[in-house]
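In case you want the letters, here they are:
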Amino acid sequence: MQAIYQDALPFDDVVTDVVCELPPLPSVLRYYDEFDDKIRSIVRLDATEIIEIKSNGIKRIIDLSKYDGSHSHLLKQVLVYLFSENLSPLTAVRYLADAQFIKREILEALLLGGPKGVNPIWERLRGQTLPHATYLFVKALLRLLSSHRLRGWSDDYAHLLSHTLPLPEQDKYAGVRSGDVFLSMEEESAVVRHLDMLADSLCKLPVQTGNTELNDSAILMCAYQFGMRPLQIATVRLRDVRIWDAGDTVNPAVHITFPMIKQKTASNSRPLTRKVKPEWSILIRELHFRRYESGAVGEDRLFALGSGQEAGRRISDLLTKLIPGGATATDLRHTAAQRLVDAGASQEELAEFLGHSDITTGLVYYATSANQAERVNKALGLSTIYSKVAKIAHDKFISPGELADLKDDQQIAGVPHGIPIAGIGGCSSGQPLCPSNPILACYGCHKFMPIHEIHVHEQVLSDFRGVVLFFHESSRGDKDSPAYLQLQRTISSVEAIIEELREDAK
């Protein structure tokens, strides 16, 4: 546990005057802990200077003992007000923690200046390099004064606090705009390959898979397939999992229910239910079975996690083993969102997937900073940004004879964009079982077994480039971005296979 506020501000008569005008502090301050689904209480708030807050499996201590009585009292009043606004308890703690960076003279001026004198004080505050939560604390303090009509403030100034006092610029989606937070095709392939291999091993020899490996891989699957936040993963209980075998013990139907989080009001929050990919459903089913076998009950947590932080750490640890340089649960969430947008999802569908109550929150995933020429260049698979991928997740190359020996449903054929294509290779599971588009989804799929004939893939590459040029010439490049991006990925994968064949021929 880490204490907050190392240095106290000197006693201030201005603070004392304001505190005297505020109502008494409540003897008990209650708040809701989403993770444990219970109401917690802070007792004797008016008499204690050491405040313990537990939320989402994390405990924090606010130490106000080094502050004089009036300043400590004012901070407690802001804490009570933040809780009344349904702010996350841990977020409220951060606001108070970063309030220590406000200089004495600035705080004095804020309390004395009133709404008419706040603008120059705010601009001075903005001119300093302070944590973002410091500015949010100041606004909360001014809203507190407004709610009690103190120092000239009233509810009539709500618009001033919301719009006229701008926060310092902060682009929390900078990584999304630059693309730094997205996993590459090769990195996504490594995640999929790991989950597929573990699922296959569970089907054959489940006893050889350790509980820790199974648990961490199931956590990774939730973050990768559903874009679940670590806290959402940590909150899933055994009773939140529904399994329907229907005679299929290998790929049962598995549904997981988890809560929406980070909602401004409780009315916006609702349970979200997701269906696990059939090939990976055995991961959840086996984990669910083992947890019950070990004596767990329905109220116990599926992944046996103590907090969202622990879930995030275990995801990062596993990704470090799978991907050079590693990645985070947040990277997986951004990648899942972008993957959905690239597939043509609407704003409403994206908001439902991410658990956003506001459909405009995900608009950043639809934005693009590349000019038209660069987009065409990327779609052609020639951009330097898209480096050659030497390890596409396919099993092996096969000869024309081996291709001829495959079952008909394993021989890949299709007519993407009106181009008849056949003889490019086989599918280890069978094309009728694949929910994706033939040909376009095959290149880059770990189940694809490309034929060891370079000229076949060169012809496919030429055909697809012709489609891209047609899109560009007919001005469809900007309008049909999902198809454009799918062609972009496919062409990059075809080129990777051609390059690999050329390396083999040397």
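Scoring rules and cut-offs
- Residues numbered from 1 in each chain as written.
- Predicted model: local features only at pLDDT ≥ 70, side-chain atom pairs only at ≥ 80, totals over all residues.
- Heavy atoms only, no water.
- Core = buried A, V, L, I, M, F, W, Y, C linked by side-chain atoms within 4.5 Å.
- Buried < 20%, exposed > 50% of the residue type's maximum accessible area, 1.4 Å probe, protein only.
- Helix = DSSP H or I, 4+ residues; strand = E, 2+ residues; numbered from the N terminus.
- Pairing = 2+ DSSP bridges.
- Axes fitted to C-alpha atoms, helices over the stretch in contact; angles between N-to-C directions.
- pLDDT = per-residue confidence, 0-100.
- Contact = heavy atoms within 4.5 Å.
- Salt bridge = Lys/Arg side-chain N within 4 Å of Asp/Glu carboxyl O.

It is worth spelling out the nonpolar core at this point. Counting 52 residues, the largest nonpolar core has Ile53 and Leu111 as the members making the most contacts within it. Broken down by element, the residue count for this core peaks at nine residues, all from helix 6 (residues 132-147). Ranked by size, the runner-up nonpolar core spans 48 residues in total, among them Leu195, Met221, Phe258 and Ile261.

It is worth spelling out the sheet that holds strand 6 (residues 241-244) at this point. If you walk across this open sheet you meet the three strands as 6-7-8, and the pairing is antiparallel. The open sheet has two edge strands, strand 6 and strand 8 (271-275), and neither has a second partner. The sheet shows a mean angle of 15° between the axes of neighbouring strands, taken without regard to direction. In this sheet, strand 8 lies alongside strand 7 (residues 253-259) in antiparallel orientation, the contact comprising five bridges. Residue Ile256 lies in a different strand from strand 8, and its bridge partner there is Arg274.

In this section: the confidence of the model for the protein. Scored by pLDDT, the protein comes out at a mean of 82, with 85% of its residues at no less than 70. Element-level pLDDT for the protein is lowest in strand 1 (residues 3-4), with a mean of 44, against a maximum mean of 96 in helix 13 (residues 308-322). Low pLDDT (under 50) marks residues 1-11, which in the prediction has 36 contacts with non-local residues, meaning those over four places away or in another chain.

Positioned with a positive phi, Arg44 is a non-glycine residue whose angle comes to about 50°. Among the structural elements, Arg44 can be located in the loop between strand 3 (38-43) and strand 4 (50-55). With phi around 65°, Asn86 is a residue other than glycine that occupies positive phi space. By secondary structure assignment, the location of Asn86 is in the loop between helix 2 (69-84) and helix 3 (89-98).

What follows deals with the pattern of salt bridges. With the rule as written, the count across this model stands at 22 salt bridges. Taking the shortest distance from any N to any O, the salt bridge between Arg151 and Glu21 comes out at 3.2 Å. With Arg151 in the loop between helix 6 and helix 7 (158-164) and Glu21 in helix 1 (residues 13-21), this pair connects stretches of sequence that are 130 residues apart. Overall, Arg151 belongs to the partly exposed group, its relative accessible area being 26%. Of the charged contacts, one joins Lys277 and Glu279 as a salt bridge, the two residues approaching to 3.4 Å between their closest N and O atoms. Taking the relative accessible area as the measure of exposure, Lys277 reaches 28% and is therefore partly exposed. Here the residues in one salt-bridge network are Asp33, Asp36, Arg40 and Arg301, joined through shared partners.

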